[in-house]
Amino acid sequence: DKFKLGEDKREARILTANLPGSRWYPLSAWPTVDPKDLAWIARRVLVALDLTHRQGYLHGSPHLNAMLVEPHQHGVMLKDWQYAVRFNDPLTLIDGAAKDAYPSNAKEPGATADGTIDLHVAGHAFLKLALSGGAPDWMVEYFRMLSKHPPKSAVIALEKITQVIDKHWPRKFHVMEAPPA
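Report follows, based on the coordinates. Everything quoted here is computed from the prediction, not taken from an experiment.

## Regarding the overall build of the chain
Each helix and strand counted, the chain has 4 helices and 7 strands in total. Mapped from its N terminus to its C terminus, the chain presents α and β elements in the order β-β-β-α-β-β-β-β-α-α-α. Intrachain contacts of the chain at a sequence separation of at least 6 include 68% that bridge at least 24 residues. Roughly 9600 Å² of accessible area belongs to the chain as shown, and the carbon and sulfur atoms make up 52% of that amount.

Here is the structure:
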């Protein structure tokens, strides 16, 4: 299936999890991730978050265990939807596996859901991988910014990371290996 994103009509392809020969792994299964793999993974996660936010929902916990990757077909999907809430509704759950990644205002009693919480948590996950995988300084700095001062929407974050990546690397399919057994 194809979905149009944002004003620029960027397309996202949504893959089903049961494609023949596909195998999905949590992003946490890799001890390190090649920065070029992290680039396409981050972009696809931001697309998934944009689609979620456009429906008026916060995913609530896009951390390394909740991001599933199909390395050969470059698929990404999010799990742990039990943390999802509608925007402006009170946050009812915070994922204990990622509690340090949430912004402090999300942990306060009566905190309400908005998309920046997802961007903050995802940025924290990407930063952890960038620091462990020898990512270039520009990538580390982008994820550090995303984890501390996320933009107001996932589409803005997606546009920014696309500009940054395209400035440094031409788009070319990069084969990702499955995680070590």
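Right, picking up where we left off after that structure.
## Focus: the environment of F173
Structurally, the position occupied by F173 is in the segment after α4 (154-168). Put simply, F173 and Q73 are 100 residues apart on the chain and 9.9 Å apart in space, counted from C-alpha to C-alpha. Not counting residues within four places of it along the chain, the set of residues in contact with F173 comprises H72 and H74.

## Quick look at the nonpolar core
If you look at the biggest cluster of nonpolar residues, it comprises 39 residues, and the most contacted ones within it are L27, I41, F126 and F143. Listed by contribution, the elements that provide at least two residues to this core are α1 (35-54), β5 (67-70), β6 (75-78), α2 (115-132), α3 (137-148) and α4. At 10 residues, α1 tops the list of elements feeding residues into this core. Excluding residues that lie within four positions of it along the chain, L27 makes contacts with V33, I41, L64, M67, V69 and L129. In this structure, L58, A98, A106 and A113 belong to the second largest nonpolar core, which totals 11 residues.

## Describing the packing of aromatic side chains
Evaluation of the coordinates by the stated rule reveals 4 aromatic pairs. Between F126 and F143, the aromatic rings sit 5.3 Å apart at their centres with planes inclined by 45°, giving tilted as the arrangement. With a gap of 17 residues between them, F126 in helix α2 and F143 in helix α3 connect regions that are remote in the sequence. The same class applies to F126 as to F143, namely buried. Between Y142 and F143 the ring centres are 5.6 Å apart and the planes differ by 65°, which places this aromatic pair in the edge-to-face class. The buried category is assigned to F143, whose relative accessible area is 1%. An aromatic cluster of three or more residues is present, and its members are F126, Y142 and F143. A cation sits over an aromatic face here: R86 above Y57, 4.7 Å from the ring centre.

## Side note on the side chain of E70
Its place among the elements puts E70 in strand β5. Within the buried core, E70 has no salt-bridge partner, and the shortest N-O distance to an opposite charge, that of R23, equals 8.6 Å. Dropping the residues within four chain positions of it, E70 is found in contact with G21, S22, R23, W24, W40 and G75.

Calculation criteria
Each chain carries its own residue numbering, running from 1 in the written order of its sequence. Local features are withheld for residues below a pLDDT of 70 in this predicted model, meaning they are given only at 70 or higher, and side-chain atom pairs are given and counted only at 80 or more; totals for whole chains, interfaces and linings count all residues. Side-chain measures were taken over the full set of non-hydrogen atoms in the model, leaving aside hydrogen atoms and water. Secondary structure elements follow DSSP: runs of H or I no shorter than four residues count as helices, runs of E no shorter than two count as strands, and numbering proceeds from the N terminus. Should any heavy atoms of two residues lie within 4.5 Å, those residues are counted as being in contact. Note that accessible areas follow from Shrake-Rupley with a 1.4 Å probe, and for residues the cover is restricted to the protein chains shown. Within this scheme, the nonpolar core is defined by two criteria: the residues are buried Ala, Val, Leu, Ile, Met, Phe, Trp, Tyr or Cys, and they are joined through side-chain atoms within 4.5 Å. Burial classification: accessible surface area is computed with a 1.4 Å probe over protein chains only, and a residue below 20% of its type maximum counts as buried, one above 50% as exposed, and the rest as partly exposed. Pairing of aromatic rings covers Phe, Tyr and the six-membered ring of Trp, with a centre-to-centre limit of 6.5 Å; geometry is then stacked below 30 degrees between planes, edge-to-face above 60, and tilted otherwise. By definition here, charges over rings are those cases where NZ of Lys or CZ of Arg is within 6 Å of the ring centre and within 35 degrees of the ring normal. Under the counting rule used here, the positive set is Lys and Arg, the negative set is Asp and Glu, and His together with the chain ends is not counted. What counts as a salt bridge is simple: a side-chain nitrogen of Lys or Arg found within 4 Å of a carboxyl oxygen of Asp or Glu.

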